[in-house]
Amino acid sequence: MTRQTKALRLDDVRKVHGAGPTAVTALDGITLALPPGTFTAVMGPSGSGKSTLLQCAAGLDRPTGGSVVVDGVELAGHDEAARTRLRRQRIGFVFQQFNLLPTLTVLQNVLLPLRLAGEKADPGHAVAVLERVGLAGRLGHRPAELSGGQQQRVAIARALVTRPSVIFADEPTGALDTRSARDVLNLLAESVRDHGQTVVMVTHDPVAAAYADSVLFLADGRIVGHLPEPTADAVAERMAGLGETAAQRRILEGV
Ligand SMILES: Nc1ncnc2c1ncn2[C@@H]1O[C@H](COP(=O)(O)OP(=O)(O)OP(=O)(O)O)[C@@H](O)[C@H]1O
C-alpha cells in the first residue's frame, strides 16, 4: 500500500431503499476520501443517512450506485463471499447496542472474528487487546455480568483484534453514561493515534464528535458541511443550523 492510498474512498455513492412510490433515497451522491490514521465523525439530523452511509461504507449493505474502496480494495468488484472476507480482514464495526454473543465469554467473543476470518486464533493477542481496553481481569465473564461501558469495551476489543484498517462505529456511546463514553472515545482516538487505524464514527453528541479530527455533516443524504478540528460548541452550532434548515424545508414542502 502506498502512502497516498486512502483508507476509505466513496465516489458518488447512492442508496435507495425500496422501490416505486415508497422508495426512499437515503444517500444521494456521497463522495469522500479519508486518509489513513484519521478520526472522522459523521453528524446530521435524524434520517439524514448516517447509518446507511456507515453500512454501505463497511460493506454491510450494498449501495444502489457509486463505488466504495476500503484500503485500496473496491467492494463492488467482489462477490458476497469475497466481500465478507474483506470485511473480516480490513474492517471493524462497533454498534450502539454492543451486539456481543450472550452465551460466549468475553475472551470467546473477542476470539470469534479471528476464527471467522479463518485465522489460527491466537488467545495471546486477544488477551493483549483486552488488556488494552482495561478488561484483562474479565476474560471468563459473560456479557450480562458486565456494565454497559465494559460491554462496549469488549465490542471494541472484538473490532480491533483483526487489526482492521478502518473501524466504523455507529453511535458507540449512545447507550453509555458520560464516563464510560469518555473511555470508549479515548480508545477509538488511541487506535488512530497509536496504531494508525482510521475511525469513522456516527454520533448525535457534539462532545463525542469533538474527539474526532474532523466532522462531516449530512442532510438529506448529502454531505453539506465539513468542520476540521472540531470543538463541541462549534459542532453544536452547526447542528442547530442544520436542524433549522431541515425543519424549514419540511414546512415548505408541507410534510
Ligand atoms: N431498510 C430501510 N427501508 C426503507 N427505508 C429505510 C431503511 N433504512 C433506512 N431508511 C430510510 O433512509 C433514510 C436514512 O436513514 P438512516 O437510518 O441512514 O438515517 P440516520 O441519519 O442514521 O438516522 P438516525 O439519526 O435517526 O439514526 C431515512 O429516511 C430512513 O427512513
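What you see is a predicted model; the values in this text were computed from it and never measured. The numbering scheme is per chain: residues are counted from 1 as the chain's sequence reads. With the structure being a predicted model, the display of local features is reserved for residues of pLDDT at least 70 and the display and counting of side-chain atom pairs for 80 or more, all residues being used for whole-chain, interface and lining totals.

**Student:** I'd like a rundown of the pairing of strand 7 (residues 166-170), residues and numbers included.
**Tutor:** Put simply, a residue is buried when 20 or more other C-beta atoms lie within 10 Å of its own C-beta and exposed when 12 or fewer do; between those, it is partly exposed, and each C-beta is set from the backbone. Secondary structure elements follow DSSP: runs of H or I no shorter than four residues count as helices, runs of E no shorter than two count as strands, and numbering proceeds from the N terminus. Burial runs high along strand 7: five of the five residues are buried. Here strand 7 shows no split at all, with Val 166, Phe 168 and Asp 170 on one side and Ile 167 and Ala 169 on the other all buried. Relative to strand 7, strand 6 (residues 91-94) runs parallel, the two being bridged by four bridges. Residue pairing across strands places Phe 93 opposite Phe 168, the latter belonging to strand 7. By the convention used here, strands pair only if DSSP detects at least 2 bridges between them. Where strand 7 lies against strand 8 (residues 198-202), five bridges are found, and the strand directions are parallel. Across the sheet, Phe 168 pairs through a bridge with Val 200, a residue of strand 8. Handedness rule for crossovers: strands pointing away from the viewer, path from the first strand over the helix to the second running clockwise, crossover right-handed. Crossover strand 7 to strand 8 through helix 6 (residues 178-195) is right-handed.

**Student:** How would you summarise the environment of Lys 15 if you had to cite specific residues and measurements?
**Tutor:** Structurally, the position occupied by Lys 15 is in strand 1 (residues 8-17). Using a count of 22 C-beta atoms within 10 Å as the deciding quantity, one classes Lys 15 as buried. In the structure, Lys 15 is positioned 48 residues away from Pro 63 in sequence and 4.9 Å away in space, judged by C-alpha atoms. With residues near it in sequence (within four places) discarded, Lys 15 still touches Ala 26, Leu 27, Thr 52, Cys 56, Pro 63 and Thr 64. Once C-beta atoms are placed from the backbone, any two residues with those atoms within 7 Å are in contact.

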